[in-house]
Amino acid sequence: MKRVSILVADDEKEIADLIAIHLQKENYHVIQASDGQEAVHIIETQPIDLLILDIMMPEMDGYEVTRHIREQYHMPIIFLSAKTSDFNKVHGLAVGADDYITKPFNTMELAARVNAQLRRFMVLNQPKTDHQSSLDFGGLVIIPDERTVTLYDEIIGLTPKEFDILYLLASYPKKVFSVENIFRKVWGEAYFESDNTVMVHIRTLRKKLKEDARKTKWIKTVWGVGYTFDGK
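Values in this document were obtained by computation on a predicted structure and should not be read as measured data.

## So, the overall build of the protein chain
Within the protein chain one finds nine helices and twelve strands. Burial analysis of the protein chain (232 residues in total) assigns 49% to the buried set. Restricting the contact set of the protein chain to residue pairs at least 6 apart, pairs at least 24 apart contribute 57%. Only carbon and sulfur atoms are counted for the fraction: they give 53% of the accessible area of the protein chain, which is about 12,000 Å².

The following block contains the structure:
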């Protein structure tokens, strides 16, 4: 069975080596890159199953790397950064990261998050045994087999997690999902009350669906409860 390959891109060699040691104990094949351009080159020339990415790196920063590879690749991306502000976390998730961990970090937690992201990614990419019907809401069309979304015939580029959230909500119109329920179903791991990851993804998802410009609220907030999809 093929070993899972993880790319660790960080210009601090001590940190990259520490991550590599712990992930190799989990039987992962670990490759290291010391700058953004090297990370992109590795991804374009060999199979990578998950990327752990620092933000502040030479040549290309983590944001640029993520934007570049998200044009073609869908492997999970975990930002590992000393930037701790909510703005940085929101921006990291908005450009396409699946998770964001701040330095200093706990190696056991990092390994747990890597395992969770890989489990979900492998499940989503299993060959489908039956056809999943598209969801059509008169202007908004979601095709799960292709993982594509179109809004009035315009393709909307969503990150993997944004797509998963939208598909979950749209599969059960009018049903109210709590933030904890969404997190458990989409991320497949325990939810922590202080985690605003779902809120960040909902916010960027609404922008991409142009809710403000069109005055159409596909995703509605049920105050004190959670979110629901309005299929009209």
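Moving on from the coordinates now.
## Thoughts on the nonpolar core
In summary, soluble globular proteins display a tendency toward joint burial of nonpolar side chains. I182 and I219 are the most contacted members of the largest nonpolar core, which has 26 residues in total. Only β7 (140-143), β8 (148-151), α6 (160-171), α7 (179-187), α8 (197-208) and β12 (226-229) provide two or more residues apiece to this core. It is α6 that provides the largest number of residues to this core, a total of six residues. If sequence neighbours within four positions are ignored, I219 has contacts with L166, L169, I202, L205, R206, L209, E211, Y227 and T228.

## Some thoughts on the environment of F163
In this structure, F163 sits in helix α6. Along the chain, F163 and P144 lie 19 residues apart, while their C-alpha atoms are 8.9 Å from each other. Not counting the four nearest positions on each side in its chain, F163 is found in contact with I142, I143, P144, R147, T148, V149 and L158.

## Quick look at the pattern of salt bridges
The final tally for this structure, using the stated rule, is 14 salt bridges. Its salt-bridge partner being R70, residue D98 comes within 3.0 Å of it at the nearest N-O pair. Of this pair, D98 sits in the loop between α4 (86-95) and β5 (99-102) while R70 sits in the loop between α3 (62-69) and β4 (77-81), placing them 28 residues apart in sequence. Of the two residues examined, D98 and R70, each falls in the buried class. Put simply, R113 and E109 hold a salt bridge, and the shortest N to O gap is 2.7 Å. Residue R113 and its partner E109 are located together in helix α5 (residues 107-124), separated by four residues, close to a single helical turn. For E109, a relative accessible area of 34% translates into the label partly exposed.

## A word on the sheet that holds β4
Taken in spatial order, the five strands line up as β2-β1-β3-β4-β5 in an open sheet, and their pairing is parallel. The open sheet is flanked by β2 (29-33) and β5, the only strands paired with a single partner. On average, each strand axis in the sheet is inclined to that of its neighbour by 20°, with strand direction left out of account. Note that β4 and β5 share four bridges and pair parallel. Along β5, the bridge assignment pairs F79 with Y100. Packing of helix α1 (residues 13-25) onto the sheet brings it into contact with β1 (5-9), β2, β3 (50-53) and β4, and relative to β2 it is tilted by some 170°.

## Some remarks on the side chain of Q117
If you trace the backbone, Q117 turns up in helix α5. At 3.2 Å, the side chain of Q117 and the side chain of K161 are in polar contact. If we skip the residues at most four places from it in the chain, Q117 touches L50, P76, I78, D98, D99, K161 and W187.

What counts and what doesn't
Residues numbered from 1 in each chain as written. Predicted model: local features only at pLDDT ≥ 70, side-chain atom pairs only at ≥ 80, totals over all residues. Heavy atoms only, no water. Helix = DSSP H or I, 4+ residues; strand = E, 2+ residues; numbered from the N terminus. Buried < 20%, exposed > 50% of the residue type's maximum accessible area, 1.4 Å probe, protein only. Contact = heavy atoms within 4.5 Å. Areas by Shrake-Rupley, 256 points an atom, 1.4 Å probe, with all protein chains shown as cover. Core = buried A, V, L, I, M, F, W, Y, C linked by side-chain atoms within 4.5 Å. Salt bridge = Lys/Arg side-chain N within 4 Å of Asp/Glu carboxyl O. Pairing = 2+ DSSP bridges. Axes fitted to C-alpha atoms, helices over the stretch in contact; angles between N-to-C directions. Polar contact = N/O pair within 3.5 Å; in protein donor to acceptor, adjacent residues only side chain to side chain.

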